[in-house]
Amino acid sequence: MMDHTALNPTLSKSAKVIDLNYLDTSSLEKLISGAVLAIRVPQFASEKTSAQLSHTLDETATLEQYSHETYENGRVVQHFYGVHRWGTPFNSTYGKAAGSDAQHKYYADAAHMRSVIDSICAPEKPPIQLLMEQLQDIWPQGAVAAAFQGQPMFCGIIRAMFPETAHLSEKVPHVDCLPLSIAELEHQFSANIYIETPPAGGELVIWDTEAFAYDEVKRFEGAQLPEHRLQKPLRIQPRKNELVIINTRRPHAICGFDSGKRISMQSFIGYNAGEPFYFWC
Ligand SMILES: O=C(O)CCC(=O)C(=O)O
Ligand SMILES: [Fe+2]
């Protein structure tokens, strides 16, 4: 059962993080304006859904390396930072031609994974789906699965980290920014719903600096972000079943851990004023 006690938003250790029982419009507006760095909704996923997803992942899922792209001399370079994935991310199509095998695979896997995840979570809805439905209720323009290339995109990839490689992400703050050639977005956020968390470590660190603009993302090509934009880290210890939304054009990183697993269902969320939130991953 969900705890319906109202959480006092000021209880949070940092004024830059909002802790909520239910998402609300004014908190989203604060995230969009940059007044807050993160929104947290504990107990967003039900225990049962998390258990079903976790169990299936252990038993049947084929995990692959999730890479993060950078651009070096105009070329896409993919880096492994210790995150594994179940499902095919849109960045696997970067640098590939329209109509390429990579593009076909992305959209085919999107359709396949939608039905696989729906059936794992049934009779409940997958947590990312619940988030889209809540945005439908509280945001004037609602939320949709993005179709930047005319076909519905994947929303809700499963990301998994293990002690052996989790530390790879810690030293490499990154920003996530959909290429301008795909869509022009005023902001890019991500939603992670944590299905499993390690007993210690695995914090999400987000730096309190302006979100990077497109030209800055381009300028800071390669893995190293400028030191002066990495001065004020804010650490978030994700809780099992919790939803955390951040602006992914702010540098962020994930801390290593020594035992357990760190699993989340993730989607990027694009924002343009007066338009629905666009979900993809
Ligand atoms: O796993 C996390 O806590 C953050 C994942 C991440 O880098 C993202 O959602 O952009
Ligand atoms: Fe990220």
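Keep in mind that what you see is a predicted model, and the values were worked out from it rather than measured. (Residues numbered from 1 in each chain as written. Chains lettered and ligands numbered in written order. Predicted model: local features only at pLDDT ≥ 70, side-chain atom pairs only at ≥ 80, totals over all residues.)

Right, let's get into the overall build of the protein chain. Broken down by element type, the protein chain carries six helices and 13 strands. Taken over the C-alpha trace, the protein chain has a radius of gyration of 18 Å; the compact-globule value for 281 residues is 19 Å, and the two agree within 12%. Oriented by its inertia axes, the alpha-carbon framework of the protein chain measures out at about 50 × 45 × 45 Å. For the protein chain, the proportion of its 281 residues judged to be buried stands at 37%. (Helix = DSSP H or I, 4+ residues; strand = E, 2+ residues; numbered from the N terminus. Rg over C-alpha atoms; globule rule 2.2 N^0.38 Å. Buried ≥ 20, exposed ≤ 12 C-beta atoms within 10 Å, placed from the backbone.)

Once that is clear, we can look at the environment of Arg-159. Looking at where Arg-159 falls in the secondary structure, it is placed in strand β6 (residues 157-161). With 22 C-beta atoms counted inside 10 Å, the residue Arg-159 sits in the buried group. Put simply, Arg-159 and Arg-75 are 84 residues apart on the chain and 25 Å apart in space, counted from C-alpha to C-alpha. Beyond its immediate sequence surroundings of up to four residues, Arg-159 is in contact with Tyr-66, Val-83, Arg-85, Ile-263, Ser-264 and Gln-266. (Contact = placed C-beta atoms within 7 Å.)

On to the environment of Phe-220, then. Within the secondary structure layout, Phe-220 lies in the loop between α6 (214-219) and β9 (233-236). Separated by 148 residues in the primary sequence, Phe-220 and Glu-72 place their C-alpha atoms 9.7 Å from one another. When sequence neighbours within four positions are dropped, the list of residues in contact with Phe-220 reads Leu-225 and Pro-226.

Glancing now at the environment of Ser-169. Relative to the helices and strands, Ser-169 is located in the loop between α5 (163-166) and β7 (187-196). In sequence terms Ser-169 and Val-83 are 86 residues apart; their C-alpha atoms lie 7.8 Å from each other. Ignoring sequence-local partners within four residues, the contact set of Ser-169 consists of Tyr-81, Gly-82, Val-83, Ala-253 and Ile-254.

Right, let's talk about the site of ligand 1 for a bit. Taken together, the residues surrounding ligand 1 are Arg-159, Asp-176, Ser-190, Asn-192, Leu-204, Pro-238, Thr-248, His-252, Ile-254, Ser-264 and Gln-266. When residues of the shell around ligand 1 are traced back to their parent elements, those giving at least two are β7, β11 (252-254) and β12 (262-271). (Near = placed C-beta within 6 Å.)

Pairing is antiparallel in the open sheet, where three strands are placed in the order β9-β8-β11. In this open sheet, the two strands that pair with only one neighbour each are β9 and β11. Ignoring which end each strand starts from, the neighbouring axes of this sheet average 20° apart. Relative to β11, strand β8 (residues 204-207) runs antiparallel, the two being bridged by three bridges. What sits directly across from Val-205, in β11, is Ala-253. (Pairing = 2+ DSSP bridges. Axes fitted to C-alpha atoms, helices over the stretch in contact; angles between N-to-C directions.)

Turning our eyes to something else, we now look at unusual backbone geometry. Here the amide bond leading from Ala-122 into Pro-123 is cis, since omega sits at 5°, within 30 degrees of zero. Within the secondary structure, Pro-123 sits in the loop between α3 (101-121) and α4 (127-138). Within the chain, Gln-43 stands out as a residue other than glycine whose phi angle is a positive 55°. With a phi close to 75°, Asn-241 is a non-glycine residue in the positive phi region. As for its placement among the helices and strands, Asn-241 is situated in the loop between β9 and β10 (243-247).

Attention now goes to the confidence of the model for the protein chain. When the pLDDT values of the protein chain are averaged, the result is 92; 94% of them are 70 or greater. Considering only residues more than four positions removed or in separate chains, one finds that residues 1-12, a stretch of pLDDT under 50, has 14 contacts. (pLDDT = per-residue confidence, 0-100.)

Below, the discussion takes up α4. For an α-helix, 3.6 residues make a turn, and residues three or four places apart therefore share a direction. Between its terminal C-alpha atoms α4 stretches 17 Å, which fits the 16 Å expected from 12 residues at 1.5 Å a residue. Looking at α4, one finds that the buried residues are Pro-127, Ile-128, Gln-129, Leu-131, Met-132 and Leu-135. Those residues of α4 that are buried lie in contact with α2 (47-59), β5 (143-145), β7, β10, β12 and β13 (277-280). (Expected span 1.5 Å × (residues − 1).)

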